[in-house]
Amino acid sequence: MDICSKSLNITAEFTSGLQILFNNVKKHNVVLPETDEPWTLGLLLIWIKDNLLVEKEKCDLFLKGNTVRPGIIVAVNDQDWELLGNVKYQIKNNDNITFISTLHGG
Amino acid sequence: MSSSCLVNNEDTFNDEEISRLSLEIELLKQELNKKTELLKTKQKKCLTKLDVSRYSRQIILPEIGIEGQKKLKNASVLIIGVGGLGCPSSMYLASAGVGTIGLVDYDEVELNNLHRQLLHGQCNVGMRKVESGKLSLSRMNEDVNIVVHDVQLDGYNSLDIFKQYDVIIDASDNLVTRYIINDTCVKAGKPLVSGSAIHCDGQLTVYNYKGSVCFRCLHPKPQSPETIGNCASAGVLGPVPGVIGVLQAMETIKIIIDHPNVLYNSLLLYDGGDCNFKKIKLTNVKRAGCLCTRSTEDIVITMDYEEFCGSKANDKFKTLNLLNEDERITVIDLNKLISQNQPCLVIDVRKNVEYDMCHLPFSVNIQLNDLKREKTLLELIKQINSYSKTPNVITICRRGNDSQRAVKELKKYPQITKKVNWIKDVIGGLNEWSMKIDKTFPMY
């Protein structure tokens, strides 16, 4: 059985100021549609750009190349994506994916 | 004759006695200094009765005990930045009886610091931050040795300072300094308690502790300057750095007493708006090729950090030059135009909330971002048409960067440029107005 091809319910959270790129909404309940290839974090980034990002011309405040821009930490279920395969991580149903902008003020 | 001889003899006798006494006193002074030093070293190794009473409420905790309190007394902590984070962390550490606290800051206390930097009183505005900090901390606990380092930290002076301390607290306010602090901690082998805060959000983690990752492992490439907010432009609510600074003091105490659950390989997020804490598990594997994987002597910390980051080692304002000289006017020009009743439409392009804080009575408020909106443009054209003579359009903002962007934006629309004499911005903005024209106009 290929669970990856079914649609997935996930939450995407944008914190530490990143929410300003997403209409100031921090938590987004998202349904990722059924696809032929499994949903990875890499594909999710593109999906977010196309579907959640409000001002497309501000895309470089979120993405750089095929990954997030420097200064953004991505966590899946409160674990750094570096522990899980980075953009290659295969998203599972009910995953909580958090995007954190690193702060430097004080 | 005989009497004068007697005086002479007495004088000689007096001189001899004076020098003998001076020498004796000098020796006694040396003896006293020696014994005072000895007493201090002895007292440092054990706790005095006064120490036990003073710190009893924390000594009672099994995590601290007499041993833990002795460790605190012998410990030295360096705090970089005596601001929103450095004030609360140093207050709690001094009050907990940490023996030596070093303060690094190059700046002076400003009025707009006081809402969050609670070591500095309003009578200390204009004073060096390290001096003001030392005064307040000594008042809280005279037994703590406060060492001031009134310097702008760089890769050349950092190592000698860091070497004198056991734990380093990053309470700085900019990316450049954060890289310098990280690299120096890695080279000197010191644990780094890192905190940051802006707006309603705070972050906390401990780097370079018990083989954990360093700041560079997480951030091998510096983020670009336009993605970084600072307290001066984005704002910050006082309790937010307060919360993070206090947590930095907590993690520092835990490191000193060798507590098993120090926050390393984890990142704590604080969202003050939602009153939410979240802990993210970070990788515990150092990034391949990272500075922290090299041997100490191969770690070079004298790179040009400002060039590396593309920004400055402070959170001060950077002036842009987007327009030609003939596209700009000074505040003196503006004052003249207004007093001569010249037809001028002065557009203040700051955020609504800033306009509400203070504005020039003859200005209207259109936020820079709104200038692109069709509805705003139509209203603006209507306003321009309402002048009996062809008006000039002048844009103004806080310090003269966004007003330049506004001129560029307005000049895109021929329906505006055709109806006005010229469109220019005000150099230095409202801050300059406050300095040159009206000293009562608030600077923020």
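As the structure is a prediction and not an experimental result, all values here were calculated from the model.

Criteria and cut-off values
Residues numbered from 1 in each chain as written. Chains lettered and ligands numbered in written order. Predicted model: local features only at pLDDT ≥ 70, side-chain atom pairs only at ≥ 80, totals over all residues. Heavy atoms only, no water. UniProt positions renumbered as here; feature names shortened; annotations may be inferred. Helix = DSSP H or I, 4+ residues; strand = E, 2+ residues; numbered from the N terminus. Contact = heavy atoms within 4.5 Å. Buried < 20%, exposed > 50% of the residue type's maximum accessible area, 1.4 Å probe, protein only. Patch = residues over 30% accessible without salt bridge, like charges linked within 9 Å, V, L, I, M, F, W, Y side chains within 5 Å. Areas by Shrake-Rupley, 256 points an atom, 1.4 Å probe, with all protein chains shown as cover. Salt bridge = Lys/Arg side-chain N within 4 Å of Asp/Glu carboxyl O. Lys, Arg positive; Asp, Glu negative; His and termini not counted. Charge placed at Lys NZ, Arg CZ, Asp CG, Glu CD. Pairing = 2+ DSSP bridges.

Annotation from UniProt places "binding site: ATP" (unreviewed entry) at Gly-84, Asp-105, Asn-112, Asn-113, Leu-114, His-115, Arg-116, Lys-129, Asp-173 and Asn-174 of chain B. Mapped onto the secondary structure, Leu-114 of chain B falls in the loop between strand E2 (100–104) and helix H6 (129–140). Residue contacts for Leu-114 of chain B: discarding those within four places in its chain leaves Val-109, His-120, Gly-121, Gln-122 and Val-125 of chain B. The residue Arg-116 of chain B is located in the loop between E2 and H6 in this model. Setting aside its immediate chain neighbours within four residues, Arg-116 of chain B contacts Gly-106 of chain A together with Gly-84, Cys-231, Val-236, Gly-238 and Pro-241 of chain B.

Residue and element names in this part refer to chain B. Within the secondary structure, Asp-107 sits in the loop between E2 and H6. Taking relative accessible area as the criterion, Asp-107 reaches 14% and is therefore assigned buried. Leave out the neighbours within four places in its chain, and Asp-107 touches Met-127, Arg-128, Lys-129 and Lys-316.

The next thing to look at is a negative patch on the surface. Residue and element names in this part refer to chain B. Taken together, Glu-10, Asp-11, Asp-15 and Glu-16 make up a surface patch of like negative charges. In this structure, Glu-10 sits in helix H1 (residues 2–45). For Glu-10, a relative accessible area of 53% puts it in the exposed group.

Right, let's get into the sheet that holds strand E9 (residues 328–329) of chain B. As summarised here, the arrangement of the five strands in space is E9-E13-E12-E10-E11 (chain B), forming an open sheet in which the pairing is parallel. Edge positions in the open sheet fall to E9 and strand E11 (363–365) of chain B, since each of these has one partner strand only.

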